[in-house]
Amino acid sequence: MILIVVIAVTFFFIILRFTVTLFNYISNPKLHRVARQYTDMVSILIPARDEESNILNLLRSIQQQDYPYYEVIVLDDASSDYTYKLCSDFAANNPRFKVIKGKELPPDWLGKNYGCYQLAQQAKGQFFLFLDADEKIQDGLINSAIHRMYLRKLSLLSLFANQEMRTAGELTVVPLMHYLLLNLLPLQLVYLIKNQAVAAASGQFMLFEADSYRENQWHEQAKYEVVEDVEIMKLVKANALNGEALLANNMVSCRMYKSYKEAVAGFSKNLLAAFNYRILALLIYISIIIGGPMIIMITLDFHLIFFMAGLIILSRFMISLSTGQNPWVNVLLHPVQMFNLMLIAFLAIQKYLTKTTVWKGRSI
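Residues numbered from 1 in each chain as written. Predicted model: local features only at pLDDT ≥ 70, side-chain atom pairs only at ≥ 80, totals over all residues. Heavy atoms only, no water.

**Q** Sorry if this is basic, but what is going on with the overall build of the chain here?
**A** When its secondary structure is counted, the chain shows 16 helices and twelve strands. Here the C-alpha atoms of the chain give a radius of gyration of 21 Å, agreeing with the 21 Å that 2.2 N^0.38 yields for 364 residues. Its C-alpha atoms put the chain at 70 × 45 × 40 Å along the principal axes. For the chain, long-range pairs separated by at least 24 residues make up 81% of all intrachain contacts whose partners lie at least 6 apart in sequence. (Helix = DSSP H or I, 4+ residues; strand = E, 2+ residues; numbered from the N terminus. Rg over C-alpha atoms; globule rule 2.2 N^0.38 Å. Contact = heavy atoms within 4.5 Å.)

Spelled out as C-alpha cells, the structure:
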C-alpha cells in the first residue's frame, strides 16, 4: 500500500512538472527581436571582482553591438587581480566606458548588491542595465529589451542568459539551472500574476526603468539577500509595478563556471536560498525528483518505467531546445545531473547550518 502511494505521488509530480514544461515550451517565453530603433540612454552597469579572464570579452561585445546610446560603468570590487587595470586601459581608448573603484563593503551588505547600489548612484541613463562580468551580448539585445519595457510597461525586465559550457564538469551541473526553472515555473506567469509569490529573475541581466529604480533603490532594499535578483522581482511586484522574466533567445550568453568544482560551489551557494532557506522543502523536493523515479525503477514494471522515462526525456528535449542546449547530451547526462543536484542540495544545507558559505573570498 505504501509503495502504491509513493508511486502515485511520484507520477503526480512528474506529470505536473511535464505540464509546466509543456506550457513553457508552447508559450515560448523569450525576448523576441524587433526592428524598431530606440534612442533612450542606457546605463550599462557591471560589478566586477577578480574578473580579469572575462571582463574584456563583455566590454568588447558591448562596443561591437548595434545600439549607440549608452554609457558603461564598471565597478571594481576590491579585485586581487588585473581587473581594474584591464578595464582602465580599455576605457582610456573608449570614451563611453569608465571604471570606478568600489568602496569598502559595509557589514550589513553583500558584495555584489553593494556594488550594484554604488553603480546606480553614478548612472545617468533612462534605463539601468545590470550585467555580470562573465557575459557577452549580441546585436538586437538593447532595442528588443527597451521595446519590451515599453510594450509591457515594465519597471524590471530580467533575462536568463544562454549558458556556454566547454567541459564535461560544466555539462553535468550548469543545465540544472534551466531544468529546475522551466520544469517548476510557468515563466509567463511572472508577468501575468501580480502577486509577489510568483517571482523569478536572473542577476545576469536586470534592466530597470531608471526613475522607479532611483525612487525605490532596489539593491539597497535587498542588500543582504544572496538571491537578490528574485528578491528584487518580489519587491517590484509588491510595489504594484510590473516585472517580467524571459529567456534571452541567444542575445545574452554567459559562461558561469569554468570547472565542475566551481559549478558545484556556485549552485550550492544559491540552491537553498531559492527555497527561502526551508530545508524541509528542499529535502521533500529532492526526495520527489530523485527518490521517486528510483523507487519506480526498482519495481521493474516496464510500463511504469517506460511512461516515466518518456515524460522525463520529453521534458529534457523541450527545455534544451528552448535554451539552446543539446537535448541528446542532457538526456544522456540526466542521471549524472540528478546525482549532482543531490550533492549540491547536501552541500547547500551543510554550508547553511555551519555558516560556511563563501563566494569570491567573502563569507555569506
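**Q** What is the right way to read the packing of aromatic side chains from this model?
**A** The geometry of an aromatic ring pair is captured by the separation of the ring centres together with the interplanar angle, meaning the angle of the planes. Enumeration according to the criterion identifies 19 aromatic pairs in this entry. Aromatic side chains phenylalanine 11 and phenylalanine 307 sit 5.5 Å apart centroid to centroid with 25 degrees between the ring planes, which places their arrangement in the stacked category. Of this pair, phenylalanine 11 sits in helix α1 (residues 2-27) while phenylalanine 307 sits in helix α14 (residues 302-322); the two residues are 296 residues apart in sequence, bridging distant segments of the chain. Both rings, one in phenylalanine 90 and one in phenylalanine 97, keep their centres 5.0 Å apart while their planes meet at 75 degrees; by these two values the pair is edge-to-face. Using a relative accessible area of 11% as the deciding quantity, one classes phenylalanine 90 as buried. An aromatic cluster is built from Phe128, Phe130, Phe208 and Tyr213, whose rings are joined through pairwise contacts. (Phe/Tyr/Trp six-rings, centres within 6.5 Å; stacked < 30°, edge-to-face > 60°. Buried < 20%, exposed > 50% of the residue type's maximum accessible area, 1.4 Å probe, protein only.)

**Q** Honestly, helix α2 (residues 55-64) in this entry has me stumped. Any pointers?
**A** Two residues of an α-helix separated by three or four positions point the same way, owing to the 3.6 residues in each turn. Along α2, the positions that sit buried rather than exposed are Ile55, Leu56, Leu58, Leu59, Ser61 and Ile62. Against the buried residues of α2 lie β1 (42-48), β2 (70-76), α3 (83-92), β3 (97-101), β4 (127-131) and β5 (135-137).

**Q** Could you clarify how one ought to interpret the pairing of β3 in this entry?
**A** Moving residue by residue along a regular strand, the side chains alternate between the two faces of the sheet. Relative to β3, β2 runs parallel, the two being bridged by five bridges. Pairing of isoleucine 73 across the sheet is with lysine 98, part of β3. After leaving β2, the chain enters α3 and then returns to the sheet as β3, a path that is right-handed. (Pairing = 2+ DSSP bridges. Right-handed = clockwise from strand over helix to strand, strands pointing away.)

**Q** Just to check I follow, could you spell out the side chain of asparagine 113 for this structure?
**A** Tracing the chain through its elements places asparagine 113 in helix α4 (residues 111-122). Only 2.9 Å separates the side chain of asparagine 113 from the backbone oxygen of alanine 222, close enough to count as a polar contact. In contact with asparagine 113, not counting residues within four places along its chain, are His219, Ala222, Lys223, Tyr224, Glu225 and Glu228. (Polar contact = N/O pair within 3.5 Å; in protein donor to acceptor, adjacent residues only side chain to side chain.)

**Q** Would you mind showing me how to read the pairing of β2 here?
**A** Most of β2 is tucked away: seven of the seven residues are buried. The two faces of β2 match: Tyr70, Val72, Val74 and Asp76 on one face and Glu71, Ile73 and Leu75 on the other face are all buried. Pairing analysis gives seven bridges linking β1 to β2, with the strands arranged parallel. What sits directly across from leucine 45, in β2, is isoleucine 73. In this fold, β1 hands off to α2, which returns the chain to β2; that crossover is right-handed.

**Q** Would you mind showing me how to read the environment of serine 144 here?
**A** Topologically, serine 144 is positioned in helix α5 (residues 141-152). In this structure the C-alpha to C-alpha distance between serine 144 and valine 34, which are 110 residues apart in sequence, comes to 5.4 Å. Dropping the residues within four chain positions of it, serine 144 is found in contact with Leu31, His32, Arg33, Val34 and Met251. A polar contact is formed between the side chain of serine 144 and the backbone nitrogen of valine 34, at a distance of 3.3 Å.

**Q** Any chance you could explain unusual backbone geometry here in plain terms?
**A** Among all residues save glycine, negative phi is the norm, and among peptide bonds the norm is trans. Here the phi dihedral of alanine 78 falls at roughly 55 degrees; this positive angle occurs in a residue that is not glycine. The topology assignment puts alanine 78 in the loop between β2 and α3. Given a relative accessible area of 52%, alanine 78 falls into the exposed group.

In short, shape yes, function no, at least from these values alone.
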